[in-house]
Amino acid sequence: MIIPVFDVGPQCMDWDLVLDLLAHDIGNVHFRRAQSAGPPELDRAVFLVAGRHVTPDEVNEMIGGTAHPLVLVLSDEEGIFDTGALLDKARVFVQTPKTDDRYGPNVVGFLPVGYSRHVKNLVESGLGPDKTINVGFYGQVTNFRRQVWFDAMMTLDVGVSHVATDGFMQGLPPDEYAKAMARLKVCPAPPGPVTPDTFRLWEALELGAIPLAENFGYWAKLTGPFIRETGASPMEAFNFPCPTVPAASPAGDIAIKIRYEVSQWERHSLIAGSWYKLYKRWLREEFVDQLADRDPRTIAMVSVSPIASHPSTEMIELTIRSIQDQLPDAEILIMCDGVRPEQQERTADYLTHLRALEDKARTDPQWRDVYVCFDGEWRHQAATMLRWMWAVDPADLIVFVEHDAPFRNRKIDWSTVRGLLNGDLAGDVIRFHFEASIPEGHEYLMTGERHTLNDVVLIGTRQWSQRPHIAHAWVYNEILACHFSADSRTMIEDVVYSVFFRQVLPVKIWIYSVPGESMSYTDHLDGRGGEEKYEMWT
């Protein structure tokens, strides 16, 4: 489904985030920029409104012929545009919203100011410099709060870089600004002249730095719906993807917080970066949900935890490539566990490993649909998966893959597999075998059932395995809800193996095979390297 996108008013520099969101296809829905000599007559369309440059009457004239218009009111941080004067049929998102109750029921969401194009260009080039500067600020110091923040930075001895200017766009040339920002670990983001929101904050997130802001109610209004819907609180119970200081904090308190964030940069920047990319994904889905029904997706969920070979990413990159080769249109969620107490000596290597993955997910076009899901907490496999299940819809298909279990370079008939799971076997699980055949002595684990479609023969088994398999998300939701909690610290297979062996649940397990061919469709790279398991509990 193609949904046209029309401009109402001049394109401004704070449109870049929204344009990038709309350029990223969501399953069967594709947004495409369009032009019209007059008001288009369509079933559904998106209208990008330059709020400070046009009137509600002009917008109403433009959207009048569209049955289901989605209106994004941008470039209006002063709050001049009256969204209440829009036609009732309009569904409206507002950029840099006010925190009062001015918005009526037609306003369904809010948008941040986003980043500047020269910063995004640097990210997309993959040529950003290394993180060599602990703290930096490049921008105008033209209000009282910014002066307080600037004074705080000047007291620090942790390596501060700064260029203070007297006005917007009066400092470093755009390309130099982007490269300077890319070197930062911590980026103070004091309030702007009109709203708490600033380009700097989102640019820091785009560039892998950790922004530090003031905790105004604005942030709860802007990102609170995402927090409430997903449970994706990023850190320290804030309603925003970065650390904050209380509003109107004195310079001394700000300096203490900046120093602390420098010490925590590796961990906190990973948490914030994970949150940010998932937040953008959620915003895209919110746009689509106002206009169309999304087709069910196939989403790979890959579990990862600290192992001896870290910080190397060779193993998991091979696994990700194997998934992309099999399922080029699938999103991939890398579910990153924290570090358990007995493995604290691996923390530095593990965070370096995750940093490399997040950098790749942020800059590599081949990893555009790969999401590094990390909130810093140690949970083990079951509770970690439970933590991130909000990111899939019940009707989606989940391909579960451990980080050391890539697919082999063999064709799997995914069309037939999906057809089976969307048909007679809707509540079942299909496994992809490691061994070339059913091992001798494992016959008692088979049920004797067979299910055939096209050239695929499914072999019934009562043996659960955490090796790669596919099932509907609602099936996994039931398994996780019945046998695990947020406090579980265990592997999924360790608990549900006996459940399925006893056939307690109505879910059937099948092994994928093609007659006359090897049954081995997955590999095992033994990431744990023979290490014994630690104590676990449900």
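Residues numbered from 1 in each chain as written. Predicted model: local features only at pLDDT ≥ 70, side-chain atom pairs only at ≥ 80, totals over all residues. Heavy atoms only, no water.

**Student:** What is the right way to look at the overall build of the protein in this model?
**Tutor:** In terms of helices and strands, the protein carries 15 helices and 20 strands. Computed over C-alpha atoms, the radius of gyration of the protein comes to 25 Å, within 12% of the 24 Å expected from 2.2 N^0.38 for 538 residues, which places it in the range of a compact globule. Each principal axis of the C-alpha distribution contributes one length, and for the protein these read about 80 × 60 × 35 Å. Residue burial in the protein is summarised as follows: out of 538 residues, 57% are buried. Carbon and sulfur atoms make up 50% of the accessible area of the protein, which amounts to about 21700 Å² in all. Side chains of the protein carry 50 positive and 75 negative charges; the gap between the two charge centres is 1 Å. (Helix = DSSP H or I, 4+ residues; strand = E, 2+ residues; numbered from the N terminus. Rg over C-alpha atoms; globule rule 2.2 N^0.38 Å. Buried < 20%, exposed > 50% of the residue type's maximum accessible area, 1.4 Å probe, protein only. Areas by Shrake-Rupley, 256 points an atom, 1.4 Å probe, with all protein chains shown as cover. Lys, Arg positive; Asp, Glu negative; His and termini not counted. Charge placed at Lys NZ, Arg CZ, Asp CG, Glu CD.)

**Student:** Would you mind going over unusual backbone geometry with me for this structure?
**Tutor:** Comment: phi is negative for the bulk of residues other than glycine, and the bulk of peptide bonds are trans. Residue proline 311 follows histidine 310 across a cis peptide bond; omega there is 20°. Looking at where proline 311 falls in the secondary structure, it is placed in the loop between β12 (298-304) and α10 (314-326). Its identity as a non-glycine residue notwithstanding, serine 75 has a phi of 55°, on the positive side. Position of serine 75 among the secondary structure elements: in the loop between β4 (66-74) and β5 (91-95). Residues other than glycine seldom take positive phi values, yet histidine 380 does so here, at roughly 75°.

**Student:** Looking at this structure, how should I read the packing of helix α3 (residues 117-125) against helix α5 (residues 174-182)?
**Tutor:** In a pair of packed helices, the angle between the axes and the distance between the axes together describe the arrangement. At their nearest, the axes of α3 and α5 sit 9 Å apart, and the two run at 60° to each other. Of the possible angle classes, the one that applies to α3 and α5 is oblique. The chirality of how α3 crosses α5 is right-handed. Side by side, α3 and α5 meet where His118, Val119 and Leu122 of the first sit next to Pro174, Asp175, Tyr177, Ala178, Lys179 and Ala182 of the second. Looking at side-chain class alone, the contact of α3 with α5 contains six nonpolar, one polar and two charged residues. (Axes fitted to C-alpha atoms, helices over the stretch in contact; angles between N-to-C directions. Parallel < 35°, antiparallel > 145°, perpendicular 65-115°, else oblique. Left-handed = near helix turned anticlockwise from the far one by under 90°. Contact = heavy atoms within 4.5 Å. Nonpolar A, V, L, I, M, F, W, Y, C, P; charged D, E, K, R; others polar.)

**Student:** Just checking my understanding: could you explain the sheet that holds strand β6 (residues 107-111) for this structure?
**Tutor:** Pairing is parallel in the open sheet, where six strands are placed in the order β2-β1-β3-β4-β5-β6. Both edges of this open sheet fall to β2 (30-33) and β6, since each of them pairs with a single strand only. On average, each strand axis in the sheet is inclined to that of its neighbour by 25°, with strand direction left out of account. Alignment of β4 against β5, held across four bridges, turns out to be parallel. Paired with leucine 70 across the two strands is arginine 91, which belongs to β5. Each of β1 (2-8), β2, β3 (42-50), β4 and β6 touches helix α1 (residues 16-23); the most contacted strand, β3, lies at about 155° to it. Sheet contacts for helix α9 (residues 265-289): β2, β4, β5 and β6; angle to β6, the most-contacted strand, approximately 150°. (Pairing = 2+ DSSP bridges.)

**Student:** Would you take a moment to explain helix α11 (residues 347-363) for this structure?
**Tutor:** Since there are 3.6 residues in each turn of an α-helix, residues three or four apart along the chain are aligned in direction. Relative to the 24 Å expected for 17 residues at 1.5 Å per residue, α11 spans 24 Å between its end C-alpha atoms, a close match to the ideal helical length. Here α11 has its buried residues at Tyr350, Leu351, His353, Leu354, Arg355, Leu357, Glu358 and Ala361. (Expected span 1.5 Å × (residues − 1).)

**Student:** I would appreciate a short explanation of the pattern of salt bridges in the present structure.
**Tutor:** Pairing between side chains of opposite charge can happen when the charged atoms of each approach one another. Counted under the stated rule, the structure contains 34 salt bridges. When the shortest N-O distance is used, the salt bridge between arginine 117 and aspartate 16 registers 3.4 Å. Remark: aspartate 16 occurs in helix α1 and arginine 117 occurs in helix α3; sequence separation between them is 101 residues. Here glutamate 261 makes a salt bridge to lysine 257, at a shortest N to O gap of 3.4 Å. Here lysine 257 and glutamate 261 lie together in helix α8 (residues 251-263), a separation of four residues that amounts to about one turn. An identical accessibility class is assigned to glutamate 261 and lysine 257; each is buried. Residues participating in the shared-partner salt-bridge network are Arg281, Glu285, Asp289, Arg294, Arg297, Glu331, Asp393 and Asp396. (Salt bridge = Lys/Arg side-chain N within 4 Å of Asp/Glu carboxyl O.)

**Student:** Where do I start with the pairing of β12 in this structure?
**Tutor:** Extensive coverage of β12 is indicated by the burial of seven of its seven residues. The alternating pattern of β12 places Thr298, Ala300, Val302 and Val304 on one face and Ile299, Met301 and Ser303 on the opposite face, and all of these are buried. Note: β12 against strand β15 (residues 397-402), six bridges, orientation parallel. Following the sheet pairing, valine 302 is matched in β15 by valine 401. Pairing of β12 with strand β13 (residues 331-336) involves six bridges; the strand directions are parallel. When the sheet's bridge partners are listed, serine 303 is paired in β13 with methionine 335. This β-α-β element, β12 to α10 to β13, shows right-handed connectivity. (Right-handed = clockwise from strand over helix to strand, strands pointing away.)

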